[in-house]
Amino acid sequence: MAIIKLQKGTKDILPNDMTVWHFMEEKANEIFSKYGAKEIRTPIFEATELFARGVGDTTDIVNKEMYTFEKSERSLTLRPENTAGVVRSFIENGMHRLSAPVKLWYKGPMFRYERPQAGRQRQFHQVGVEVFGIKQATADAEVILMAVNYLKALGLNDLSVELNSLGCPQCREVFKTKLKEVLKPYLPQMCPDCQSRYEKNPLRLLDCKVPECNEIYVKPEIQAVIQSDFICNDCSEHFEELKSYLNELGVNYSINKLLVRGLDYYNRTVFEIKSNNLGSQNAVCGGGRYDSLVKNLGGEDTPAIGFAMGMERLASLLGEKNDTKTTTFVVSNNPLEAIKLTEEVRANGISCEFDLTNKKFVKQLEKASKVAKFALILGEDEIAQNKVTIKNLETSEQKIVNRTEIFANL
């Protein structure tokens, strides 16, 4: 009978990998909690309309990448990202009545049908933060700091922060018009996606990765429009305020006028944090402000900003973390005494195993040396005298102690 294999674009997270995953999750809780963020867990599937209205029906995610299915005459979708779901929960659970800011963080699987690449799968995991209720640039600065400090807590220091301001809907329309005018002569040379975006969402043209399109966008007359200060006075003041905060806080950043992010809900601040160890696909964090999304999804007018990070990409940068060996292994030819001591050690908060098959003493010791840091040896003499021989399996040092003294000697 043929083996049923793993689906393309998915990956088992095996026991040997879990140390780094637990490390990422524990650091998320530690760092985000310091900023006052509370963990939220939303369902992995939602009404399809949530993503069509929230993420935007002109995006590649909605048009090409969603896993959508019909059930009981309802259209449901596995979440391709989690901001829309968190916003839905914020509205539905009346969190707007809480004192601002409301800070939420999450971790969990997302689903997109796309070509698998380095650190990206069709089922992938994200850790992210959403902050609601603050329109001032102080929130932007704190969210960027939260992301940077989380990455540093993971041990990632070779990072660069890129910023841009997309302006508000009003000043952005002026920019879109100018961009379409200057790009119109080159429309036949653009890729099919860009030709579609030209009418539906011209800002997304700047996010294209096709080399032929990129050659068009670097032309002087097009760069003149892209690099122009099109944002209105209010948006400009907000952006300048953010930059002043980051300067004072020692956050190194650069301005990238081509940075637009791939989702429709962003306005004003957008940012990416990149690692120089991932090659061309080097973004490890992306985020920005989405002041209209809560209202667009049926809630009260609420400013918001957030970010998300792909955990597979982070894991690929972190590599193996720490030793996965258990702390102790009981070696004994008396299975009853072995299991009693094993449970005693576990009850004191220390990881412990013993040989369930009761192999010969030498075989047990060989196994202990592979899987544990200490062997707790219970021979006939130790059992008779209520003692244990503790052997350090890394240094081979050993000593005999009373049963009551085990934990002081590990």
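Residues numbered from 1 in each chain as written. Predicted model: local features only at pLDDT ≥ 70, side-chain atom pairs only at ≥ 80, totals over all residues. Heavy atoms only, no water.

K.L.:
Could you give an account of the side chain of Gln126, naming the residues involved and the relevant values?
P.N.:
Position of Gln126 among the secondary structure elements: in strand 6 (residues 123-132). Discounting residues that sit within four places of it in the chain, Gln126 has contacts with Glu81, Asn82, Tyr106, Lys107, Gly108, Met110, Arg112, Ala308, Met309, Gly310 and Met311. (Helix = DSSP H or I, 4+ residues; strand = E, 2+ residues; numbered from the N terminus. Contact = heavy atoms within 4.5 Å.)

K.L.:
Before we move on, can you summarise the layout of surface pockets with the specific residues and values?
P.N.:
Empty space within the second largest pocket amounts to approximately 460 Å³. Along its surface, the second largest pocket is lined by 21 residues, and Pro169, Asn267, Asp291, Ser292 and Leu293 are the ones closest to its centre. Sorting the residues of the lining of the second largest pocket by element identifies helix 2 (48-56), helix 6 (169-183), strand 9 (267-275) and helix 11 (293-296) as the ones contributing at least two each. (1 Å grid on protein atoms, 1.4 Å probe; cavity = no way out; pocket = protein on both sides within 12 Å on 5 of 7 lines; lining within 4 Å. Points joined across faces, edges and corners; volume = space filled by probe spheres on them.)

K.L.:
So, the packing of helix 5 (residues 137-153) against helix 10 (residues 233-248): which residues are in play, and what are the values?
P.N.:
At a closest axis distance of 9 Å, the pairing of helix 5 and helix 10 adopts a crossing angle of 45 degrees. When the interaxial angle is binned, helix 5 and helix 10 end up oblique. The crossing of helix 5 and helix 10 is right-handed. Where helix 5 approaches helix 10, its residues Ala137, Thr138, Asp140, Ala141 and Ile144 are matched on the opposing element by His238, Glu241, Leu242, Tyr245 and Leu246. In terms of residue class, the contact of helix 5 with helix 10 is built from six nonpolar, two polar and two charged. (Axes fitted to C-alpha atoms, helices over the stretch in contact; angles between N-to-C directions. Parallel < 35°, antiparallel > 145°, perpendicular 65-115°, else oblique. Left-handed = near helix turned anticlockwise from the far one by under 90°. Nonpolar A, V, L, I, M, F, W, Y, C, P; charged D, E, K, R; others polar.)

K.L.:
Please give an account of the sheet that holds strand 4 (residues 74-78) that cites residues and values.
P.N.:
An order of 2-4-3 is seen for the three strands of this open sheet, with the pairing classed as antiparallel. In this open sheet, the two edge strands, each paired with only one partner strand, are strand 2 (45-47) and strand 3 (67-71). The average angle at which neighbouring strand axes cross in this sheet is 35 degrees, direction not considered. Sheet analysis places strand 2 next to strand 4, joined by three bridges and oriented antiparallel. Bridge pairing in strand 4 places Ala47 opposite Leu76. (Pairing = 2+ DSSP bridges.)

K.L.:
Help me get a handle on the pattern of salt bridges, residues and values and all.
P.N.:
Counting across every chain of the model gives 18 salt bridges. Where Glu39 meets Arg41, a salt bridge forms, and the shortest distance between an N and an O atom there is 3.0 Å. For Glu39, a relative accessible area of 33% translates into the label partly exposed. Residue Arg41 is classed as exposed on the basis of its relative accessible area, which comes to 65%. The shortest N-O distance in the salt bridge between Lys274 and Glu272 comes to 3.9 Å. (Salt bridge = Lys/Arg side-chain N within 4 Å of Asp/Glu carboxyl O. Buried < 20%, exposed > 50% of the residue type's maximum accessible area, 1.4 Å probe, protein only.)

K.L.:
Explain the packing of helix 1 (residues 18-34) against helix 12 (residues 311-318) to me, using residue names and the numbers behind them.
P.N.:
Helices that pack against each other are described as a pair by the angle of their axes relative to one another and the distance between those axes. At their nearest, the axes of helix 1 and helix 12 sit 10 Å apart, and the two run at 115 degrees to each other. Crossing hand, helix 1 versus helix 12: right-handed. Residues Val20, Trp21, Phe23, Met24 and Glu25 of helix 1 form the contact with helix 12, whose own contacting residues are Met311, Glu312, Leu314, Ala315 and Leu318. Of the residues belonging to the contact of helix 1 with helix 12, the class tally is eight nonpolar, no polar and two charged.

K.L.:
Go over the pairing of strand 14 (residues 372-378), please, and point to the residues and values.
P.N.:
Burial of strand 14 is extensive: six of the seven residues sit out of reach of the surface. In the sheet, strand 12 (residues 326-332) pairs with strand 14 via six bridges, with the strands oriented parallel. Looking at the pairing, Phe329 lines up with Ala375 of strand 14. Sheet topology note: the strand 14/strand 15 (residues 387-392) ladder contains four bridges and is antiparallel. Within the sheet, the bridge partner assigned to Ile377 lies in strand 15 and is Thr389.

K.L.:
Tell me about the sheet that holds strand 8 (residues 253-255), residues and numbers included.
P.N.:
Read across the sheet, eight strands follow the order 1-5-6-11-10-9-7-8 without closing on themselves; strand pairing throughout is mixed. Bordering the open sheet on either side are strand 1 (38-39) and strand 8, each of which pairs with just one other strand. Bridge analysis of strand 1 against strand 5 (residues 102-111) gives two bridges, and the strand direction is parallel. Bridging across to strand 5, Lys38 finds its partner in Leu104. Sheet strands touched by helix 4 (residues 83-92): strand 5 and strand 6. Its angle to strand 6, the strand with the most contacts, is close to 45 degrees.

K.L.:
Could you give an account of the nonpolar core, naming the residues involved and the relevant values?
P.N.:
Of all hydrophobic cores here, the largest spans 52 residues; its most connected members are Phe132, Leu183, Met190, Cys194 and Tyr217. At five residues, the largest contribution of residues to this core is made by helix 6. With residues up to four places along the chain from it excluded, the contact list for Phe132 reads Val86, Val87, Phe90, Ala100, Pro101, Val102, Leu104, Tyr290, Val294, Thr302, Pro303 and Ala304. (Core = buried A, V, L, I, M, F, W, Y, C linked by side-chain atoms within 4.5 Å.)

K.L.:
Which residues make up a nonpolar patch on the surface, and what values do they have?
P.N.:
Taken together, the side chains of Ile44, Phe45 and Phe69 present a nonpolar region at the surface, about 250 Å² in accessible area. What makes Ile44 partly exposed here is its relative accessible area of 36%. (Patch = residues over 30% accessible without salt bridge, like charges linked within 9 Å, V, L, I, M, F, W, Y side chains within 5 Å. Areas by Shrake-Rupley, 256 points an atom, 1.4 Å probe, with all protein chains shown as cover.)

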